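# Structural characterization, general
Take a look at the letters that make up each chain.
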Amino acid sequence: MKKPLIGMLAALLTAGATALAGAPVATASTTAGAESAQAGKVAAVNFAGTVALSNCSGSLIRFPGSAAGDPALVLSNGHCLETGMPGPGQVVVNQASSRTFTLLNASGGSAGTLRATKMVYGTMTDTDVSIYQLNTTYSAIQSSYGIAPLTVAATHPVQGTAIKVVSGYWKRIYSCSADGFAYRLKEADWTFKDSLRYTSSCNVIGGTSGSPVVDANSGQVVAVNNTINESGQRCTLNNPCEVDQNGAVTVRRGIGYAQETYLIPACFGPGNRLDLTRAGCALPRP
């Protein structure tokens, strides 16, 4: 987890010239209709529906119950908020925002600019997410840009699943698998619960924060990328450590993590309206 823009260039210099080399990209667009694809059919994962922020990555998202006429939403990290990183225990809801996002097409080119009206939800407590509401609808975006949102899965990701981390900021796709899940992931003053751990080939860098983690088979979002242990330090900023149920600490140098998103759909009702009191909603409250 990198504080936006701080240390990003240093990370790139360390990673070397190969850090910006693009991964192979499929040619067909991932759309909101991916969930209705034939069973067993592998979804084509590309940049369509992802967004670039001023300092991070993100994605245009919908939930299984979202309608075409609902106000559209963008998902990123809590530590990517324009107001700064929320402190431990801090939850921000329904805060006015005019933040802009560059919407990408399948090949990573700019399809257009989207603008928020408010930051609906943001926190770094238990998870690391921010969700923005836009001044337009999914149907209007589809009509104007030919881009559909990515669907957030409402079920827990599965160990061993092939995944893609799609960075709109760097226009790079990382390919790896869900290696497992950390009971607690501690980084400096923050603690995240039930974090998804990558296999080593998803060696994410600064600027990939907020990237959607996409199930390569379903095309649905199962997590949001947020951190990696850079230098093998123990539980420090940019060096998260795993803590198990017994308090034992494990440090995995060079291994990245994401925060699962299956909890989010239950917290949004009709009209994509946030309601943290809804049955099944387990996101932290203010």
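As the structure is a prediction and not an experimental result, all values here were calculated from the model. (Residues numbered from 1 in each chain as written. Predicted model: local features only at pLDDT ≥ 70, side-chain atom pairs only at ≥ 80, totals over all residues. Heavy atoms only, no water.)

Once that is clear, we can look at the overall build of the protein. Within the protein one finds 2 helices and 18 strands. Taken across its 286 residues, the protein has 52% of its residues classed as buried. Excluding contacts between residues fewer than 6 apart, the proportion of contacts in the protein whose partners are at least 24 apart in sequence is 65%. Accessible area for the protein stands at about 11,400 Å²; split by element, carbon and sulfur atoms hold 51% of it. (Helix = DSSP H or I, 4+ residues; strand = E, 2+ residues; numbered from the N terminus. Buried < 20%, exposed > 50% of the residue type's maximum accessible area, 1.4 Å probe, protein only. Contact = heavy atoms within 4.5 Å. Areas by Shrake-Rupley, 256 points an atom, 1.4 Å probe, with all protein chains shown as cover.)

Here we take up the layout of surface pockets. There is about 200 Å³ of room inside the second largest pocket. Of all the secondary-structure elements, those providing two or more residues to the lining of the second largest pocket are β11 (190-198) and β16 (256-260). (1 Å grid on protein atoms, 1.4 Å probe; cavity = no way out; pocket = protein on both sides within 12 Å on 5 of 7 lines; lining within 4 Å. Points joined across faces, edges and corners; volume = space filled by probe spheres on them.)

Take the nonpolar core next. Core analysis: the biggest nonpolar cluster contains 40 residues, and L60, L75, F101, Y121, L134, I264 and F268 have the highest contact counts within it. Considering every element that reaches this core, the biggest residue donor is strand β6 (residues 110-123), with 5 residues. A153, V165, Y174 and A178 belong to the second largest nonpolar core, which has 16 residues in total. (Core = buried A, V, L, I, M, F, W, Y, C linked by side-chain atoms within 4.5 Å.)

Moving on, we come to unusual backbone geometry. Backbone geometry at C235 places phi at a positive 65°, although glycine is not the residue there. Note that C235 resides in the loop between β13 (221-228) and β14 (241-243). For N272, which is not a glycine, the phi torsion comes out positive at approximately 55°. Checked against the element boundaries, N272 lands in the loop between β17 (268-269) and β18 (273-274). On the basis of relative accessible area, N272 is assigned to the buried category, the value being 3%.

Burial within strand β3 (residues 71-76) is extensive, with 5 of its 6 residues counted as buried. Alignment of strand β2 (residues 57-62) against β3, held across 3 bridges, turns out to be antiparallel. Across the sheet, residue L60 finds its bridge partner in β3, namely V74. Inspection of the sheet shows β3 paired to strand β7 (residues 129-137) by 5 bridges, in the antiparallel sense. By the bridge assignment for β7, P71 is matched with T137. (Pairing = 2+ DSSP bridges.)

For S66, the position within the fold is in the loop between β2 and β3. What makes S66 buried here is its relative accessible area of 10%. For the pair S66 and T151, spaced 85 residues apart in sequence, the C-alpha separation works out to 9.2 Å. Other than its neighbours up to four places away in sequence, S66 contacts Y138 and N272. At 2.7 Å, the side chain of S66 and the side chain of N272 are in polar contact. (Polar contact = N/O pair within 3.5 Å; in protein donor to acceptor, adjacent residues only side chain to side chain.)

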